[in-house]
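Here is how the chains run, residue by residue.
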Amino acid sequence: MEEKKKDGGNLWNAVVQQVKMLLPTEIERNRMDRYFPLMHSPQLEDNRYVIEVGEQIQVEMFTNLYAQLILEALQACGQSVDEVRFVVAKDLVAQQQQPAKYNRSSFQSTPQRGVPSTMPMHENYTFENFVKGPSNSFAHAAATAVAKGPGRTSYNPLFIYGGTGLGKTHLMEAIGHYVLDRHPEMSVCYITSETFLNEYVNALQNDAMHAFRERYRKVDLLLLDDVQFIAGKQQIQEEFFNTFNSLLGLRKQVVMTSDVAPKDLKGCEERLTGRFQQGMVVEIESPSYETRLAILKSKAIAGHHLIPDEILKFIAENIRSHVRAIEGALNRVVTFVDLNGDIPLTLDIAQHLLKDSIEEEKTIKDLTVDEIMRTVALAYGVKMEDILSKERTQTLVTPRQVAMFLSCKLTTRSLVEIGRSFGKTHATVYHGAQTIQKRIDVESELRKTVENITSQLGRNPSELTK
Ligand code: ADP
Ligand code: MG
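Note that this is a predicted model, so its numbers are computed, not measured.

The rules behind the values
- Sequence positions are assigned chain by chain, starting from 1 and proceeding in written order.
- Lettering for chains starts from A, numbering for ligands starts from 1, and both go in the order in which the items are written.
- Reporting of local features is limited, given that this is a predicted model, to residues whose pLDDT is at least 70; pairs of side-chain atoms are given and counted only at 80 or more, and all residues count toward the totals for whole chains, interfaces and linings.
- Computation of side-chain values covers all heavy atoms of the structure but excludes hydrogens and water.
- Fitting a line to C-alpha atoms yields each axis, with helices limited to the stretch in contact; the angle taken between N-to-C directions then spans 0 to 180 degrees.
- Only DSSP runs of H or I reaching four residues or more are called helices, and only runs of E reaching two or more are called strands; each is numbered from the N terminus.
- Here is the rule for angles: anything less than 35 degrees is roughly parallel, anything more than 145 is roughly antiparallel, 65 through 115 is roughly perpendicular, and the remaining ranges are oblique.
- Note on convention: near helix rotated counterclockwise from far helix by under a right angle means a left-handed crossing. Clockwise means right-handed.
- We call two residues in contact whenever any of their non-hydrogen atoms come within 4.5 Å of each other.
- Following the grouping adopted for this structure description, the nonpolar residues are Ala, Val, Leu, Ile, Met, Phe, Trp, Tyr, Cys and Pro, the charged ones are Asp, Glu, Lys and Arg, and the polar ones are all others, Gly among them.
- Being paired, for any two strands, means DSSP has found at least two bridges between them.
- Any cysteine sulfur atom paired with another within 2.5 Å is treated as part of a disulfide.
- Note on exposure labels: buried denotes an accessible area under 20% of the residue type's maximum, exposed denotes more than 50%, and partly exposed covers the range between, all computed with a 1.4 Å probe on protein chains only.
- Residues grouped as a nonpolar core are buried Ala, Val, Leu, Ile, Met, Phe, Trp, Tyr and Cys residues, joined through side-chain atoms within 4.5 Å.
- By definition, a salt bridge exists where a carboxyl oxygen of Asp or Glu is found within 4 Å of a side-chain nitrogen of Lys or Arg.
- For Phe, Tyr and Trp, where Trp contributes only its six-membered ring, two rings pair if their centres lie within 6.5 Å, and the inter-plane angle classes them as stacked under 30 degrees, edge-to-face over 60, or tilted in between.
- A ring is scored as having a charge over it whenever the NZ atom of a lysine or the CZ atom of an arginine sits within 6 Å of its centre and within 35 degrees of its normal.

S.K.: Teacher, can you tell me more about the packing of helix α19 (residues 394–410) against helix α22 (residues 444–456) here?
M.R.: Relative orientation and spacing of two packed helices are given, respectively, by the angle between their axes and the distance between those axes. Put simply, α19 and α22 touch, their axes get as near as 11 Å, and they point 55 degrees apart. When the axis of α19 is compared with that of α22, the two are oblique. The two elements α19 and α22 meet at a crossing, and its hand is right-handed. In this structure, α19 contributes T398, V402, F405, L406 and L410 to the contact, and α22 contributes L446, V450, I453 and T454. Among the residues forming the contact of α19 with α22, the class breakdown is seven nonpolar, two polar and no charged.

Here you go:
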């Protein structure tokens, strides 16, 4: 008889974290967030890791997408496993055919007749779980207004943009949940632009464009995620424009997200970007320290994790780029606590656990040589062109060398790369940086100037002494 060992969840959590790290793009990580909740009861049976799902199609899809990755993740967690297998579980079949409370009528993997298929939304992406702060208060206010009166505000379409992992999908799905909770009769469609595009292509190939159009016209609230995906695809824009216009004409609500503002959508026709801007365009920015800490506290409480305050503060201070990275850091700490219940979590341990993420943060936040030159030029009241010129008067040599010095200290670029940006050799950059290094040791005025510029660049002057 095979030995069956139920995975208590700790290993699975660790696997999920590992897989996430193995995925190279945001789109893939987003997709994973949608699919992994459909996997259940992972079990180790001898050297085989078996995961239950609700439908045969999921077996095929997940085997293609994730079996190899999960295998690698398990091996990275020190498990001797040589196969990952997905199986259909009978009880899950029944369960998944029952639409969950929040998704009601319009929220099934097999679409109702005449209504477009909608993708599963994250159950916890609700307004209640969304932490408000200065970086997202505008977007939050607009989203709330739309949720309370879909199609009845002037915020149509509502266009939410901002960098990845800042909460766009969360806010968009919160609108979906809110509307479905209060108006189960309404047809809500959440779909990524990638899937929308695939459906469109399928309809084209199967001569089913009429049905495609009709289906989307029946939607009351269309949540279209990551529209930057559509931007480069000329062919679909025409159809998208038509679908979009007919929905707005029928006073249906449309909400879109994108990683850039409408005007910066590359490869997007102007009449389309113009249309996107006719409703309300809101940006989500990177959260402040206080918001980051508030998000961490709320996530820790929601997951019933007891993490000391000083650790949460440490994460909030060091992981600044986006909320997904902050969550990743929290998860890593939580996984440690789960797996090592008897070892108290100290700041030292947290520092060690988060070493890689903190390193990664540094490269994400890496300054460009261009930014440095611009800021230096501004501080000295000279032009960028002057910094780049061959002019050797002292009024230009100092700012030029300061820019070289800061580029060496604050970026991860090589001397050769920096030289290229200045139109100079690496030896010139080295000499320039050395000169400033020597001068700031004795000239306190120059040191202050350089430190001020460093702060203006959003960096800590203590980095200059490293
Ligand atoms: P985006 O779509 O902008 O890439 P997501 O909406 O997927 O980002 O958010 C990434 C993660 O961060 C999600 O798990 C989300 O719940 C969380 N998150 C982002 N902003 C907030 C916030 N203000 N409050 C709570 N969680 C947030
Ligand atoms: Mg998203």
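Resuming the write-up.
S.K.: Hey, could you run me through the sheet that holds strand β7 (residues 221–225) in this one?
M.R.: Adjacent strands of a sheet pair through backbone hydrogen bonds, lying either parallel or antiparallel. Strand order in this open sheet of five strands is β6-β7-β8-β5-β9, and the pairing throughout is parallel. Both outer strands of the open sheet, β6 (188–192) and β9 (280–283), are each paired with one neighbouring strand and no more. Direction aside, neighbouring strands of the sheet carry axes that sit 15 degrees apart on average. The pairing of strand β5 (residues 158–161) with strand β8 (residues 253–258) spans four bridges and is classified as parallel.

S.K.: It is not clear to me how the state of the cysteines should be interpreted in this structure. Could you clarify?
M.R.: What makes a disulfide is a covalent bond joining the sulfur atoms belonging to two cysteines. Under the counting rule described, the total for this entry stands at zero disulfides. Free of any disulfide, C189 has its nearest neighbouring cysteine sulfur in C268, separated by 19 Å. With relative accessibility at 1%, the residue C189 sits in the buried group.

S.K.: Where do I start with the nonpolar core in this structure?
M.R.: The tendency in soluble globular proteins is for nonpolar side chains to be buried as a group. Judged by nonpolar contacts, the single largest core of 57 residues is most densely connected at L158, I175, F196, F240, V255 and M256. Here this core takes seven residues from helix α6 (residues 168–182), the largest share from any one element. For M256, the contacting residues outside a window of four places in its chain are P157, L158, F159, I160, M172, L224, V227, F240, F244 and F276. In terms of nonpolar packing, the next biggest core, distinct from the first, is built from 27 residues, L406, F422, A433 and L464 among them.

S.K.: What is the right way to look at the pattern of salt bridges in this model?
M.R.: A side chain with one charge may pair with a side chain of the opposite charge, provided their charged atoms come close. Here the structure, examined in full by the defined rule, presents 15 salt bridges. Residue D33 pairs with K20 through a salt bridge whose shortest N-O separation is 2.9 Å. Linking D33 in helix α2 (residues 26–35) with K20 in helix α1 (residues 10–22), this pair joins segments that are 13 residues apart in sequence. Residue classification places D33 among the buried residues on the basis of a relative accessible area of 15%. Between R215 and E199 there is a salt bridge, with its nearest N and O atoms 3.3 Å apart. Remark: E199 occurs in helix α7 (residues 193–205) and R215 occurs in helix α8 (residues 209–217); sequence separation between them is 16 residues. Classification of R215 as partly exposed rests on a relative accessible area of 24%. Counted as one network, the salt bridges with shared partners bring together K20, D33 and R324.

S.K.: Looking at this structure, how should I read the packing of aromatic side chains?
M.R.: Centre-to-centre distance and the angle between the planes together describe a pair of aromatic rings. With the rule as written, the count across this model stands at 13 aromatic pairs. For the pair Y35 and F62, a centre-to-centre distance of 5.5 Å together with 45 degrees between the ring planes defines the contact as tilted. Taken together, the positions of Y35 in helix α2 and F62 in helix α3 (residues 56–76) put the pair 27 residues apart, joining distant regions of the chain. Judged by its relative accessible area of 15%, Y35 falls in the buried class. Pairing Y200 with F212 gives two aromatic rings, centres 5.9 Å apart and planes at 65 degrees, and the pair type is edge-to-face. With Y200 in helix α7 and F212 in helix α8, this residue pair connects regions lying 12 residues apart in the sequence. Considered together, Y200 and F212 belong to a single accessibility category, that of buried residues. An aromatic cluster is built from W12, Y35, F36, Y49, F62, Y66 and F86, whose rings are joined through pairwise contacts. Stacked on the ring of Y178, the Lys or Arg R182 has its end atom at 3.6 Å from the ring centre. Its guanidinium or amino end placed over the ring of F229, K233 lies 4.6 Å from that ring's centre, counting from NZ or CZ.

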